[in-house]
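Architecture at a glance
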Protein chains: 4
Amino acid sequence: QTHEKGFIITPMDSRYRCWESLMVIMVAYSAWVCPFEIAFMRSNPNTTLYITDNVVDIFFAADIFLTFFVAYIDATTQLLVRDRRKIAIRYLSTWFIMDVASTIPFDLLALLLTGKHQVGVSYSVLGMLRFWRLRRVKQFFTRLEKDMRFSYFWVRCARLLFVTLLTVHCAGCLYYLLADRYPHQGDTWLRTMNPNYKETSLVIRYIAALYWSITTMTTVGYGDLHAVNTLEMVFIIFYMLFNLGLTAYIIGNMTNLVVEGTRRTMEFRNSIEAASNFVCRNHLPPRLKDQILAYMCLRFRAESLNQQELIEQLPKTICKSIRHHLFLPTVEKVYLFKGVTREILLLLVADMKAEYIPPREDVIMQNESPDELYIIVSGEVEMLESEMENEQTVWTFKSGDMIGEVGAFCCRPQSYTYRTKTLSQLLKIRTSNLIEAMKTRQEDNIIMIKNFLQHH
Amino acid sequence: QTHEKGFIITPMDSRYRCWESLMVIMVAYSAWVCPFEIAFMRSNPNTTLYITDNVVDIFFAADIFLTFFVAYIDATTQLLVRDRRKIAIRYLSTWFIMDVASTIPFDLLALLLTGKHQVGVSYSVLGMLRFWRLRRVKQFFTRLEKDMRFSYFWVRCARLLFVTLLTVHCAGCLYYLLADRYPHQGDTWLRTMNPNYKETSLVIRYIAALYWSITTMTTVGYGDLHAVNTLEMVFIIFYMLFNLGLTAYIIGNMTNLVVEGTRRTMEFRNSIEAASNFVCRNHLPPRLKDQILAYMCLRFRAESLNQQELIEQLPKTICKSIRHHLFLPTVEKVYLFKGVTREILLLLVADMKAEYIPPREDVIMQNESPDELYIIVSGEVEMLESEMENEQTVWTFKSGDMIGEVGAFCCRPQSYTYRTKTLSQLLKIRTSNLIEAMKTRQEDNIIMIKNFLQHH
Amino acid sequence: QTHEKGFIITPMDSRYRCWESLMVIMVAYSAWVCPFEIAFMRSNPNTTLYITDNVVDIFFAADIFLTFFVAYIDATTQLLVRDRRKIAIRYLSTWFIMDVASTIPFDLLALLLTGKHQVGVSYSVLGMLRFWRLRRVKQFFTRLEKDMRFSYFWVRCARLLFVTLLTVHCAGCLYYLLADRYPHQGDTWLRTMNPNYKETSLVIRYIAALYWSITTMTTVGYGDLHAVNTLEMVFIIFYMLFNLGLTAYIIGNMTNLVVEGTRRTMEFRNSIEAASNFVCRNHLPPRLKDQILAYMCLRFRAESLNQQELIEQLPKTICKSIRHHLFLPTVEKVYLFKGVTREILLLLVADMKAEYIPPREDVIMQNESPDELYIIVSGEVEMLESEMENEQTVWTFKSGDMIGEVGAFCCRPQSYTYRTKTLSQLLKIRTSNLIEAMKTRQEDNIIMIKNFLQHH
Amino acid sequence: QTHEKGFIITPMDSRYRCWESLMVIMVAYSAWVCPFEIAFMRSNPNTTLYITDNVVDIFFAADIFLTFFVAYIDATTQLLVRDRRKIAIRYLSTWFIMDVASTIPFDLLALLLTGKHQVGVSYSVLGMLRFWRLRRVKQFFTRLEKDMRFSYFWVRCARLLFVTLLTVHCAGCLYYLLADRYPHQGDTWLRTMNPNYKETSLVIRYIAALYWSITTMTTVGYGDLHAVNTLEMVFIIFYMLFNLGLTAYIIGNMTNLVVEGTRRTMEFRNSIEAASNFVCRNHLPPRLKDQILAYMCLRFRAESLNQQELIEQLPKTICKSIRHHLFLPTVEKVYLFKGVTREILLLLVADMKAEYIPPREDVIMQNESPDELYIIVSGEVEMLESEMENEQTVWTFKSGDMIGEVGAFCCRPQSYTYRTKTLSQLLKIRTSNLIEAMKTRQEDNIIMIKNFLQHH
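As a starting point, this report considers the structure included with it. (Residues numbered from 1 in each chain as written. Chains lettered and ligands numbered in written order. Predicted model: local features only at pLDDT ≥ 70, side-chain atom pairs only at ≥ 80, totals over all residues. Heavy atoms only, no water.)

**Describing helix H15 (residues 342–349) of chain D**
All names here are of chain D.
- Among the residues of H15, Ile 344, Leu 345, Leu 348 and Val 349 are the ones counted as buried. Seen along its axis, H15 keeps its buried residues to an arc of 135°; they face one direction.
- Here the buried face of H15 lies against helix H14 (316–333), strand E10 (424–430), helix H17 (431–440) and helix H18 (442–455). (Buried < 20%, exposed > 50% of the residue type's maximum accessible area, 1.4 Å probe, protein only. Helix = DSSP H or I, 4+ residues; strand = E, 2+ residues; numbered from the N terminus. Arc of directions from axis to C-beta. Contact = heavy atoms within 4.5 Å.)

Shown next, in the form of structure tokens:
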């Protein structure tokens, strides 16, 4: 279904990613400079900016050309389409026209056609087509949001900051333009502020416009700069309506981020609270209380406990591979399985579960029925003999040891209590699974029993 | 229970839907024009507006008449009631009185009774009854919100915008009215702004009122237009209190929309993060890592995987129909079921499940017990023979082929690994179900075994 | 454990509830009037208000006395404690001191002790103790929030409105007080606004204070009234900090209410969207599509479908009572169970489930195995004979009829398709449960078989 | 893995906790005083403040020294690392450099080197390094948030208040500094407010700066103090942008807290609403209605019912300990188990479940099959004999009694109804578990049967 014809770029190619990032920077530049030029540079255009603009346009033209060679992922089949014809059809039928329209240098064309450099508002409106390119910035941020290398919080904040700054900048430029072009002398906000504003430097005028814009946007509204004619009132009415939506959007996003950010702390508090209420209500002894709270804390600190849940979400075949990879090396080193064929081990491993046990917790209790046995992956486990409230440490097991197998092999209650000394990772095997696995091949059964007898 | 008597309109009728939309536009028009007329048009009423108002009223009268013929859905039985008497009783006992009260042209009546056109505030208050009609706009938006053809986000935004604009407009008109009618000369906001405001054009006065209204609503509060007498202060106090609620409502709605809009991205990030943490912590090899991440991404991109969940929500009979429709055409074409009676196929199909498997994933692993067999609906699956870490592609299966049936028929572990080449849709059949289905009819059993032997 | 000693009032007594509501009104009155008196009435106290205040205080004293006779619910045992001694101990050790302190009429005492009516700020501060009574308003709203007779949305809004208005009122009074008492002549906000403010009416001064207060609270901040001396600045600093919290709290509450209010519409849209995506992706035929969407809509409109879920939450004994009450009257009328002992019916009823089936849906399909039979509670069900794509209605079953029992009794596949004509409520009985119930008593078994044979 | 070498402090040590809290207070002090000194104290430095600053710096130096002796918890193993070398390496490679840089008293060094006290802006910037210490305040609040002794709501509010106040303070100081240092005479906000501001007291100037700062932060923006030169405009632009984020963050946090705070009330209302809708729709009799609503209320008031859920979350060994602790003392006192060996009791206890039953609810119904028996832990249970709608109380059981055992031992339906009189806690034992436990040891079986016969 995928045909390679000549030169085709995959969208995941790192060089193409760089090009895309470069394009995003250029889009940001042109979105910033374009309203500024229209508002402040009309009377005395800046040659440097003019040249830069046209260089940026050339880059965009190159990008339009390049897009015909970039493969895309088909939405229904999730496959990469590398057929140049399909790529062309898809591009021509979607964004091509707008991309071209936003790249044509209308003022350059006007210069060539009319021979005059200074052109009217109609060309400015055409210049506004460049805002179409902001689509790329949106795509860029959407991609960043899904990229795990960056914090979602900061990407989202950057996105909101970009939108806010662009709004403030554009509104400031437009508000200046309205006052600068107002026909009747004497009653614009610029003249109210400074009757000789035309003689002040560009920077001062720009900062004043920006100051008004952000004072209005954040709803501070000092009132030192306010609408003085009907046209400005109309502009402010629309700007405020837009700002109402934008502010609500910013607050909504922040709320979302805060909720997401504090979710874990909330859950932690809720579960700890439930546990300590339970302990208080039932007057449990301090040792049990500590165990319960320690377990609850551990559950949240070591997220590793969610491992089992994740594994169960994955398809069966991946699960098997993970289990083989994680448990086999440990299982192979256990004395009981020395010399046992790999086939049996794979069978056993498929049913194992990894558990994290906090320190000072009983894994196996004396007189318990021998339903499970454990292999220690990490940490230390003590073997305790308890007689008449008297507990005595008999032995300490370390990584690679097996506990509880005596009960399982002899089919009698566990004779010792096994308690973790440190945070331990254990592999749990059900006795029934072990016995079933042993029955599969006679030779392995004999080896295991030999191993067991030799060890004890 | 439903009786058809003469001419009855069903509410789902497309012509009636058009009429309803027309009514909504008229309601919007009258909600907009009514306060404007009262505030700005008192001194010199506009004949065009006056006529339009009465035409709109005629339409509303027609709508009241029409409502007696529109069937309705009974809330308890969910059935359409087409009985004209029941419709009339329901309407008369609910909205009828208010609908009539909001349609009576009080000023026209006053004109007829008193012979004078210019009437007092009491009639304005009666005119305010027309705001009752806004109920229809609310119903309209509520219906749009449940209509899947429109984006919930934009419908909700449009609703909020409508409420905001109407509030701003009405407050502006009322604020103008207060200043215009204020008995003491010289200290209203209008006179403070422009001592000769009466000589300015209607548009300028309206925009000034609107500018004040929105400046207050959005809490910018420049202060160039502010209350100058106690009556205006009282009005502003109530307006601000209302705005506090409205702003909170807008932000609340926006937060809700943002949370809903980013929910999927959040879930995606959370699951990917859990998976990559898991991979890092356990130092899994790159191949497994890629498989896990690819699977996680696929789960989110191709929502098709939720198919099973949806099917299980539906009642049994619909489920069956869906399975027949989706799986039967594929199953009939499989070599094994050539010539088998439809009855058996239906039985088999009822237990099948469709699965989407990402590329390069093992469907069946060598030496696995033959619990399941698969039919390929789309995509390609490779058959691999692996010997001593050496994997060799033996065959490539395509749409309509069956894999794993050799193991199932011969009751021995699968002899090959089957791995997807592309994103594949597979139908999973449990071996036990197949065997049970085969036992049902002797003839079909023989046909299937013949098919099997012939093919291998 | 509960001892009745003499006169004791239960807190659920309706007369006591009235008294509590009266107390809440009085608290609201005193919270409103107290700051007003201190700020505006210092110079010329109003006799009516003075008397009313003391009457209110008498009521509060009565309430303190009454509280010694009101039983309470113990938090740990959930039992009503009616022991007068325990009530007294509980009250004395918790709220008693503050309640008394907030009721003592300090100014009356001062009048009696000093003989002068006009007293200083120290007594005002003691008067502020009355704000302690607001605890009752909080309790009142908390109770209303849990009362199902009132909409949560409006109770919550009323609560927020009360808090907002009280804040605005108190801040307004305090701001007036600051300006009125400011020692240095000429530079308070009151004098800036109107140099002769002392000569204006009380109402005008109060509204100006309120206007300033709400302009600041809602962050409009026109700037016509602003701080002019350092003391006012300090007050505004604290007021604004408080407002920041209050505004955030209002928005937070509104967001919560909006999220809760739109939750169901969201869920509806999400489930309909999932269903229609599923239909589109799989190109299902229109009839299936309509069935699926109709079912999804019904699930949301008729919440009755959640019935089963609710029943399962309840304890076993309540569940049984509900089932007996709901299903027994219907089951007794079914021909099959005429003359059968109640004991058997109770056994059957315990395992029944009620289901709502939308119109035109297959309940039983031809050739299906007879695992379930149904009793029609309401609605109509058609019996269809389908042969070669030809469907023919054989019979229509109504409320009280039983369907599918032929298959169940004869142990053969259902010979007809049963399809709902209208929205129907059906009771589902598993065939296995019926057979088990029949085995329990021989006599009933015979009666049922007789009934069955007689009917067919 | 943990080596104790000489003097090591554990981070959980209460004395070290006190030291940390002291450090937090000092950080807060220096974050407050540092900008104040730079802005207001330049011209006439205060000796007391100067000395205090250096004392605080000495404390910080001590803390840096101390950190080399504080054990830490390793993130991967969750173990306390007490090895002094590891502690040093960890500290040196993370925060050490910044901690030292923020503690060096640059102005003291400058004094020593240059011999002049009055130093330039460059030293102020170095002084700003002290803001690095705010990291400690963040850690402090994060720890408080996880501490169950403090309300999450108030800790979070305190955190937000701290951030808000610090922002307001710093912005106020900086805004004053800008105006105070502005080279051109006559056009700063300070001179606009008061041309002779330098002669006013420090407090008045500080409050004016703070007043401007908070007026802007809360977006009130009266406009009495606003930017008058371009530098101030630039500062305000950045301050407003920051405030937009901060306000959104505050609102987001408050929303989160409100949602969390009202969650339980919401759930309560939703479940009560579902229940009462269910009751209305099905016209259930009042007695059943009361039972259902009472049960629903109890579920929310007595959170104890969630006990089972919590127990199931805990690891098996803790569960066992809890059950032994909670149930064994009660079980041992029951007449049936007098003289029975502890081993059997432990076996029984492992399968018991504790249930809270609201008053007037049937625990066991007459003629019910004897699947379960109950031990009363607290509360009272009536034994009722019902004959022909006539109910008669036969006996009242109290704490320590057993109900339903007659049916279980004799294998016949329960002959009485058992109904709770008060809120009762019951231990539920399955009859099958009891019988199984009895079979385990012959001697115990005989004792139990003897006990049973003796009692009846």
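**Here we look at unusual backbone geometry**
Residue and element names in this part refer to chain C.
- Positive phi, close to 60°, is recorded for Thr 219, a residue that is not glycine.
- Checked against the element boundaries, Thr 219 lands in the loop between helix H10 (202–217) and helix H11 (230–282).
- On the basis of relative accessible area, Thr 219 is assigned to the buried category, the value being 13%.

**Examining the pattern of salt bridges**
Residue and element names in this part refer to chain B.
- Evaluated as defined, the whole model comprises 76 salt bridges over all chains.
- Lys 198 serves as the salt-bridge partner of Asp 180, at 3.6 Å between the closest nitrogen and oxygen. Of this pair, Asp 180 sits in helix H8 (residues 152–180) while Lys 198 is found in the loop between helix H9 (189–193) and helix H10 (202–217), placing the two residues 18 residues apart along the sequence.
- The exposure class assigned to Asp 180 is partly exposed, which follows from its relative accessible area of 22%.
- Given the relative accessible area of 55%, Lys 198 is considered exposed. (Salt bridge = Lys/Arg side-chain N within 4 Å of Asp/Glu carboxyl O.)

**Brief notes about the interface of chain C and chain D**
- Counting residues at the interface gives 57 residues for chain C and 57 residues for chain D.
- In this assembly, chain C and chain D are joined by 0 salt bridges.
- Going through the elements one at a time, helix H7 (134–146), helix H8 (152–181), H10, H11, helix H13 (307–313) and helix H14 (316–333) of chain C are the ones with two or more residues in the side of chain C that touches chain D.
- When residues of the side of chain C that touches chain D are assigned to their parent elements, the largest contribution, 18 residues, is made by H11(C).
- Among the residues making up the side of chain C that touches chain D, the classes are represented as 28 nonpolar, 20 polar and 9 charged. (Nonpolar A, V, L, I, M, F, W, Y, C, P; charged D, E, K, R; others polar.)

**Let's talk about the relation of the copies chain C and chain D**
- Superposing chain C onto chain D takes a rotation of 90° plus a shift of 0.0 Å along the axis, which leaves an RMSD of 0.1 Å. The superposition of one copy onto the other is thereby described by a four-fold rotation axis.
- Looking at chain C, a mere 11% of its interface residues are interface residues in chain D too, so the copies touch through different faces. (Least-squares fit on C-alpha atoms with pLDDT ≥ 70 in both.)

**Observations regarding the sheet that holds strand E8 (residues 402–403) of chain C**
Residue and element names in this part refer to chain C.
- The 4 strands lie next to each other as E3-E10-E5-E8, forming an open sheet whose pairing is antiparallel. Bordering the open sheet on either side are strand E3 (353–357) and E8, each of which pairs with just one other strand.
- Here strand E5 (residues 372–378) runs beside E8; their pairing, made up of 2 bridges, is antiparallel. Considered in E8, the bridge of Tyr 374 is made with Ile 403.
- Along the sheet, H14 contacts E3, E5 and strand E10 (424–430); its crossing angle with E5, the most-contacted strand, is approximately 100°.
- Strands in contact with helix H17 (residues 431–440) are E5 and E10; relative to E10, the strand with the most contacts, it is inclined by about 60°. (Pairing = 2+ DSSP bridges. Axes fitted to C-alpha atoms, helices over the stretch in contact; angles between N-to-C directions.)

**Some thoughts on the sheet that holds strand E4 (residues 362–364) of chain A**
Residues and elements named next belong to chain A.
- Reading across the sheet, the 4 strands line up as E4-E9-E6-E7 and stay open at both edges, with antiparallel pairing between neighbours. Each edge of the open sheet is held by one strand with a lone partner, namely E4 and strand E7 (390–397). The average angle at which neighbouring strand axes cross in this sheet is 35°, direction not considered.
- Of the strand pairs in this sheet, strand E6 (residues 381–387) and E7 are connected by 7 bridges, and their pairing is antiparallel. Bridged to Ser 386 within E7 is Glu 391.

**Some points on the relation of the copies chain D and chain A**
- The two copies are related by a screw motion: chain D maps onto chain A through a turn of 90° and a shift of 0.0 Å along the axis, at an RMSD of 0.1 Å.
- Take the interface residues of chain D: only 11% of them recur as interface residues in chain A, which is what a contact between different surfaces looks like.

**Concerning the packing of aromatic side chains**
- Within the structure shown, the criterion is met by 96 aromatic pairs over all chains.
- Note on Phe68(D) and Tyr91(D): the rings are 5.3 Å apart at their centroids and 80° apart in plane angle, and the pair reads as edge-to-face. Within this pair, whereas Phe68(D) is found in the loop between helix H2 (47–67) and strand E1 (72–73), its partner Tyr91(D) is found in helix H3 (residues 84–92), the two being separated by 23 residues in sequence. Tyr91(D) carries the same exposure label as Phe68(D), and that label is buried.
- Taking the centre distance of 5.8 Å and the plane angle of 20° together, the rings of Tyr175(D) and Phe235(D) count as stacked. Highlighted residues: Tyr175(D) in helix H8 (residues 152–181) and Phe235(D) in helix H11 (residues 230–281), separated in sequence by 60 residues. Take Tyr175(D) and Phe235(D): they sit in the same class, and that class is buried.
- One aromatic cluster is present, formed by Phe36(A), Phe40(A), Tyr176(A), Tyr197(A) and Tyr206(A) through successive ring pairs.
- Between the NZ or CZ atom of Arg90(C) and the centre of the ring of Tyr72(C), over which it lies, the distance is 4.0 Å.
- Residue placement shows Arg133(C) over the ring face of Phe60(C); its charged tip is 3.9 Å from the ring centre. (Phe/Tyr/Trp six-rings, centres within 6.5 Å; stacked < 30°, edge-to-face > 60°. Lys NZ or Arg CZ within 6 Å of the ring centre and 35° of its normal.)

**What to know about the interface of chain D and chain A**
- The interface is formed by 57 residues belonging to chain D together with 57 residues belonging to chain A.
- Summed over both partners, the interface of chain D with chain A comes to about 5000 Å²; 70% of that surface belongs to carbon and sulfur atoms.
- At the junction of chain D with chain A, the criterion picks out 0 salt bridges.
- Of all the secondary structure elements, the ones that give two or more residues to the side of chain D that touches chain A are helix H7 (134–145), H8, helix H10 (202–217), H11, helix H13 (307–313) and H14 of chain D.
- Here the side of chain D that touches chain A takes 18 residues from H11(D), the largest share from any one element.
- Of the residues in the side of chain D that touches chain A, the class split is 28 nonpolar, 20 polar and 9 charged. (Buried area = accessible area lost by both parts, 1.4 Å probe.)

**Some remarks on the packing of helix H14 (residues 316–333) of chain B against helix H15 (residues 342–349) of chain B**
Residue and element names in this part refer to chain B.
- Packing of H14 against H15 brings their axes to within 10 Å, and their N-to-C directions diverge by 120°. In terms of their interaxial angle, H14 and H15 are classed as oblique. The chirality of how H14 crosses H15 is right-handed. Between H14, through Arg 323, His 324, Phe 327, Leu 328, Val 331 and Glu 332, and H15, the contact on the second element is made entirely by Arg 342, Leu 345, Leu 346 and Val 349.
- Per-class residue counts for the contact of H14 with H15 are 6 nonpolar, 1 polar and 3 charged. (Parallel < 35°, antiparallel > 145°, perpendicular 65-115°, else oblique. Left-handed = near helix turned anticlockwise from the far one by under 90°.)

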